[in-house]
Amino acid sequence: MWWQNLLWGFWNGLTAWIILIAHVFGGWHGYPFYNGARGGNWYDLGFLLGAGSPLLGAFGSGRQRS
C-alpha cells in the first residue's frame, strides 16, 4: 500500500541522520542508509520529508513573534 511506503520512507528519513553519523564513525554496517528494496515514489517522498524535517525545524526556530 502507498501509505506504508510513505511512512517507512518518513521513518527511514528521520533516522538517516543518526545512521549517517554512525556510518562515518565505522559502526552500524548492518543497517542501510536508504532501503533500496522499498524504493518507489511514495517511499522517496517520505524519505525526503523525513530527512528534511530536522533541517526545516532548525530554520523555523530562529523566527520569533513579538
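Look up a bit, the structure's there.
Here goes a summary of the coordinates provided. Just so you know, these numbers come straight off a predicted model, no measurement behind them. (Residues numbered from 1 in each chain as written. Predicted model: local features only at pLDDT ≥ 70, side-chain atom pairs only at ≥ 80, totals over all residues. Heavy atoms only, no water.)

1. Section: a nonpolar patch on the surface
Move 1: A cluster of nonpolar side chains, namely Met-1, Trp-2, Trp-3, Leu-7, Trp-8, Phe-10, Trp-11, Leu-14, Trp-42, Leu-45 and Leu-49, defines an oily patch on the protein surface of about 1200 Å² accessible area.
Move 2: Mapped onto the nonpolar patch, the elements with two or more residues apiece are helix H1 (2-24) and helix H2 (41-60).
Move 3: At 7 residues, the largest contribution of residues to the nonpolar patch is made by H1.
Move 4: Relative to the assigned elements, Leu-7 resides in helix H1. (Patch = residues over 30% accessible without salt bridge, like charges linked within 9 Å, V, L, I, M, F, W, Y side chains within 5 Å. Areas by Shrake-Rupley, 256 points an atom, 1.4 Å probe, with all protein chains shown as cover. Salt bridge = Lys/Arg side-chain N within 4 Å of Asp/Glu carboxyl O. Helix = DSSP H or I, 4+ residues; strand = E, 2+ residues; numbered from the N terminus.)

2. With respect to the environment of Gly-13
Move 1: With respect to the helices, strands and loops of the structure, Gly-13 is situated in helix H1.
Move 2: Since its relative accessible area comes to 0%, Gly-13 is described here as buried.
Move 3: Considered as a pair, Gly-13 and Gly-46 are 33 residues apart in the sequence and their alpha carbons are 7.1 Å apart.
Move 4: Beyond its immediate chain neighbours, meaning those up to four positions away, Gly-13 contacts Phe-47, Gly-50 and Ala-51. (Buried < 20%, exposed > 50% of the residue type's maximum accessible area, 1.4 Å probe, protein only. Contact = heavy atoms within 4.5 Å.)

3. Comments concerning the packing of aromatic side chains
The description of two aromatic rings rests on the distance between their centres and on the angle between their planes.
Move 1: Applying the stated criterion across every chain, the model contains 2 aromatic pairs.
Move 2: Summarising the aromatic geometry, the rings of Trp-2 and Trp-42 are spaced 4.8 Å apart at their centres and angled 45° between planes, so their arrangement reads as tilted. In this pair, Trp-2 is assigned in helix H1 and Trp-42 in helix H2, connecting sequence segments 40 residues apart. (Phe/Tyr/Trp six-rings, centres within 6.5 Å; stacked < 30°, edge-to-face > 60°.)

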